[in-house]
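Residue-level structural notes
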Amino acid sequence: MPIKYKTKGYYRKGVWEVMENVTGPFIHTKNTKEKIKKSILISLLPLILFAFYKNGIVLFFSGKVGFIDSIYPLLLIFICMISMFIFDILYTMILRKDNVNIKKYIKTSYSFIPGIILGLIIPIKTPIIIIILSCFISVTIDKVLNKITNKNILNTVALSFLIIAIFSILNGGYSYLNSYEATKYNSAPIENTTITDFSYEQNIKQYGSLKQFFVGNVPGGIGEVSILFTIIGFLYLIMKKSIKNIIPVTIFITLFLGLSLTAFINNLDIYFVIFNLFTGSIIFSSIYICSEMTTTPVTKFGQILYGIIVAILTIIFRFIIPFGDIFLATIIADLLVPVINNLCI
């Protein structure tokens, strides 16, 4: 049975009370929905600025691109943001127009935030039409499922990225390399994930050092490559009590243990573990996608179980489909949430 609570527009006893009747999951906080969403937005700002710096400002001042091309990373993030927002509003008007005050919904909607998150993880060479199409398909699936079940079931960001990944495979791949990186490297680190041929020289040294991976000066998603700014954002969200921190922490620990076991079995060193933690949007996605409020389990034990499932599936998929490992793992785990809730409540 779903757990429902009468609400009055604020948090009480761990309940996110923003609708007349709300079904979990929730976090224990007195924050309002608006405060939580604003905290998430603030935590993303350093990553947005980093994306602009790495893929725009650096290229402009090195003479690789002109001014218009230098703002292209911001344009991609904006297109992701506005696409998610517009499609969400349109489907809300179509599917729930009798139950929702549309003007009020538009003013209070933060549906553009998933768009920002999507914009930070996509390859820089993703075609704009594919971005719009992926947002349309993912929001359509989400809204139809929500209309049928009255629940948020799938993470739209993970679903959108998987759709982009499918189009990427069909079209020979969308490059992660910006104009400057294309002159230095043949591929991004995520495209070199392997067990049998892993080496420090091949997988890490060609991009500099692990310090470069930590700061984000390596090819990857538009903004998620900076582990430094991602962790800063994570600590900010914990401080503001605006995240289910149990989930990302569980994912980190399980991934570390699982990758360490994989390294031990295959006689690989610690660099293999760190490389796979620092690439493929693992840390960013664990924080900003896997811990999404409404598609994850209610209880703490359920969130731990959810995190373990995501991590194990990510390790399995990492060496099969590295372009979408943690995103596919998240979708599968989302589908298991009703079972997890029934087991843990």
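Residues numbered from 1 in each chain as written. Predicted model: local features only at pLDDT ≥ 70, side-chain atom pairs only at ≥ 80, totals over all residues. Heavy atoms only, no water.

**Here we look at the overall build of the chain**
To keep it simple, the criterion reads: Per the convention used, a helix needs a DSSP run of H or I reaching at least four residues, while a strand needs a run of E reaching at least two, with both numbered from the N terminus. Accessible area is worked out with a 1.4 Å probe on protein chains only. A residue is then buried under 20% of its type maximum, exposed over 50%, and partly exposed in between. Any two residues whose heavy atoms approach within 4.5 Å are treated as being in contact. All accessible areas in this document rest on Shrake-Rupley with a 1.4 Å probe, and a residue is counted as covered only by the protein chains that are shown.
Helix and strand counts for the chain stand at 15 helices and 2 strands. A total of 345 residues make up the chain; the buried ones form 52% of that total. Restricting to contacts in the chain with at least 6 residues of sequence separation, those with at least 24 account for 69%. Of the roughly 16100 Å² of accessible surface on the chain, a fraction of 67% belongs to carbon and sulfur atoms.

**Notes on the packing of helix α1 (residues 33-61) against helix α5 (residues 112-121)**
What counts, and what does not: Axis definition: a line fitted to C-alpha atoms, over the contacting stretch in the case of helices. Angles run 0 to 180 degrees between N-to-C directions. Angular relationships are summarised with four words: roughly parallel below 35 degrees, roughly antiparallel beyond 145, roughly perpendicular across 65 to 115, and oblique for the angles in between. Crossing handedness follows the turn of the near helix against the far one: under a right angle anticlockwise gives a left-handed crossing, and clockwise gives a right-handed one. When residues are sorted by character, Ala, Val, Leu, Ile, Met, Phe, Trp, Tyr, Cys and Pro go into the nonpolar class, Asp, Glu, Lys and Arg into the charged class, and all the rest, Gly among them, into the polar class.
Packing of α1 against α5 brings their axes to within 11 Å, and their N-to-C directions diverge by 30°. Judged by the inter-axis angle, α1 sits roughly parallel to α5. Here the hand of the crossing between α1 and α5 comes out left-handed. Seen from α1, the contacting residues are Lys 37, Ile 40, Leu 41, Leu 44, Leu 47, Ile 48 and Ala 51; seen from α5, they are Phe 112, Ile 113, Ile 116, Ile 117 and Leu 120. Of the residues that constitute the contact of α1 with α5, the class distribution is 11 nonpolar, no polar and 1 charged.

**Examining the nonpolar core**
Heads up, the rule is: Nonpolar cores are built from buried Ala, Val, Leu, Ile, Met, Phe, Trp, Tyr and Cys residues. Side-chain atoms within 4.5 Å join them into one set.
With 87 residues, the main nonpolar core has Leu 44, Leu 118, Leu 120, Ile 121, Ile 122 and Tyr 288 as its most contacted residues. Among the elements that line this core, the one with the most residues is helix α3 (residues 72-95), at 9 residues. Beyond its immediate stretch of four places on either side in the chain, Leu 118 contacts Cys 80, Met 84, Ser 134, Cys 135, Val 157, Ser 160, Phe 161 and Ile 164.

**Structural notes on helix α15 (residues 325-344)**
What counts is decided by this rule: Bend is computed residue by residue as the angle between axes fitted to the seven residues ending at the residue and the seven residues starting at it.
In the structure, α15 departs most strongly from a straight axis at Leu 336, where the bend amounts to approximately 45° and where the proline Pro 338 lies between one and four residues downstream. Every buried residue belonging to α15 is among Asp 325, Ile 326, Phe 327, Ala 329, Thr 330, Ile 331, Ala 333, Asp 334, Val 337, Ile 340, Asn 341 and Cys 344, and all of these are buried. On the buried face of α15, the contacting elements are α5, α7 (156-170), α13 (282-288) and α14 (300-318).

**Observations regarding a nonpolar patch on the surface**
Defined as follows: Patch definition: residues above 30% relative accessible area lacking any salt bridge, with like charges linked at up to 9 Å and the nonpolar side chains Val, Leu, Ile, Met, Phe, Trp and Tyr linked at up to 5 Å. Here, a salt bridge means any Lys or Arg side-chain nitrogen found within 4 Å of an Asp or Glu carboxyl oxygen.
A surface patch of nonpolar side chains, about 620 Å² in accessible area, is lined by Phe 60, Phe 61, Phe 67, Ile 68, Ile 71 and Leu 74. Secondary-structure elements contributing two or more residues to the nonpolar patch are α1 and α2 (67-70). In this structure Phe 60 comes out as partly exposed when scored by relative accessible area, which is 34%.

**Some words on empty space enclosed by the protein**
To find leftover empty space, one rolls a probe the size of a water molecule over the atoms. So the rule is basically this: Buried and open spaces are told apart on a 1 Å grid over the protein atoms alone, a cavity being a set of points where a 1.4 Å probe fits but cannot get out and a pocket being an open set with protein on both sides within 12 Å along at least five of seven lines. Residues with an atom within 4 Å of a point are the lining residues. Grid points are joined across faces, edges and corners, and a volume is the space filled by probe spheres set on the points.
All told, the structure shown has 4 cavities of 30 Å³ or more when counted by the stated rule. Put simply, the largest cavity is a space of about 160 Å³. If you go around the largest cavity, you meet 21 residues; those closest to its centre are Ile 190, Glu 224, Thr 279, Gly 280 and Ser 281. A per-class count over the lining of the largest cavity returns 13 nonpolar, 6 polar and 2 charged. Put simply, the second largest cavity is a space of about 70 Å³. Taken together, Pro 123, Phe 161, Ile 164, Ala 165, Ser 168, Ile 169, Tyr 174, Tyr 176 and Phe 323 make up the full set of residues lining the second largest cavity. Looking at side-chain class alone, the lining of the second largest cavity contains 8 nonpolar, 1 polar and no charged residues.

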